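Survey of secondary and tertiary structure
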Amino acid sequence: MTNSNPKTIGDGVVVAIHYTLKLDDGSEVDSSRGGDPLLYLHGQGNIVPGLEHELTGRGPGERFEVSVSPDEGYGARFPDAVQRVSKTQLPDDFEPEVGMQLSAETAQGQFITLHIVEVGEDDIAVDPNHPLAGETLNFSIEVVSLRAATKDEMEHGHPHGPGGHHH
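Criteria and thresholds
Residues numbered from 1 in each chain as written. Predicted model: local features only at pLDDT ≥ 70, side-chain atom pairs only at ≥ 80, totals over all residues. Heavy atoms only, no water. Helix = DSSP H or I, 4+ residues; strand = E, 2+ residues; numbered from the N terminus. Salt bridge = Lys/Arg side-chain N within 4 Å of Asp/Glu carboxyl O. Buried < 20%, exposed > 50% of the residue type's maximum accessible area, 1.4 Å probe, protein only. Pairing = 2+ DSSP bridges. Axes fitted to C-alpha atoms, helices over the stretch in contact; angles between N-to-C directions. Contact = heavy atoms within 4.5 Å. Patch = residues over 30% accessible without salt bridge, like charges linked within 9 Å, V, L, I, M, F, W, Y side chains within 5 Å. Areas by Shrake-Rupley, 256 points an atom, 1.4 Å probe, with all protein chains shown as cover. Lys, Arg positive; Asp, Glu negative; His and termini not counted. Charge placed at Lys NZ, Arg CZ, Asp CG, Glu CD. Phe/Tyr/Trp six-rings, centres within 6.5 Å; stacked < 30°, edge-to-face > 60°. Lys NZ or Arg CZ within 6 Å of the ring centre and 35° of its normal.

Some points on the environment of Gly45
Within the fold, Gly45 resides in the loop between strand S3 (38–41) and helix H1 (49–55). Taking C-alpha positions, Gly45 is 8.5 Å from Gly157, a pair spaced 112 residues apart along the chain.

The following block contains the structure:
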């Protein structure tokens, strides 16, 4: 671990933030308030690009509001991407419910996350879009602390919690 104590956010810095995320209609989607701050490794794509960009150069104690467009957040929503899957293709002991996430392998060998959006008698509807795709993300941010990333964190591309590496 390096002894460097960064004063501002940049690549290779582990950042702790408190945040509240709301949509344009004012509905709260998520918040770290009342719990532990979110830790992320700056410059590694651990958070949406628009928020990471807005955090660059900021320091501990800073509070700010930022709106992140879909292009800099979770991307555009593709409604035609929703597909129906026969329940016969699911494991026998699997009980699908709306909101569950499934992992599937594409023909190219990539793994994608699918969200169950409907459960029918004989099939389910799955959506590969992120649930927040197409949404403007309105963040209220407080930068809590900064520290230099360890060698292991840099190699793995994300911060490790107290006690080291836990995957």
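Picking up after the structure, the text goes on.
Re the pattern of salt bridges
Under the definition given, this model contains eight salt bridges. Taking the shortest distance from any N to any O, the salt bridge between Glu118 and Arg84 comes out at 2.9 Å. Separated by 34 residues along the polypeptide, Glu118 in strand S7 (residues 111–119) and Arg84 in strand S5 (residues 83–86) bring together distant segments of the chain. Judged by its relative accessible area of 39%, Glu118 falls in the partly exposed class. When its relative accessible area of 45% is taken as the criterion, Arg84 is described as partly exposed. One continuous salt-bridge network, built from bridges that share partners, spans Arg33, Arg63 and Glu142.

Looking at the sheet that holds S7
Strand order in this open sheet of four strands is S5-S8-S7-S6, and the pairing throughout is antiparallel. Of all the strands in the sheet, the pair left with one neighbour each is S5 and strand S6 (101–105). Neighbour to neighbour, the strand axes of the sheet diverge by 45 degrees on average, direction disregarded. Across five bridges, the pairing between S6 and S7 is antiparallel. Pairing of Ala104 across the sheet is with Ile112, part of S7.

Regarding the environment of Lys7
Within the element layout of this structure, Lys7 appears in the segment before strand S1 (13–22). When the C-alpha positions of Lys7 and Glu95 are compared, they lie 50 Å apart, and in sequence the two are 88 residues distant. Setting aside anything within four residues of it in sequence, one finds Lys7 in contact with Arg58, Gly59, Pro60 and Leu146.

A word on a negative patch on the surface
Residues Asp92, Asp93, Glu95 and Glu97 make up a contiguous surface patch of negative charge. By the secondary structure assignment, Asp92 is in the loop between S5 and S6.

Here's the deal with the packing of aromatic side chains
Per the counting criterion, the structure on display carries zero aromatic pairs. The side chain of Arg58 reaches across the aromatic face of Phe64, ending 3.6 Å from its centre.

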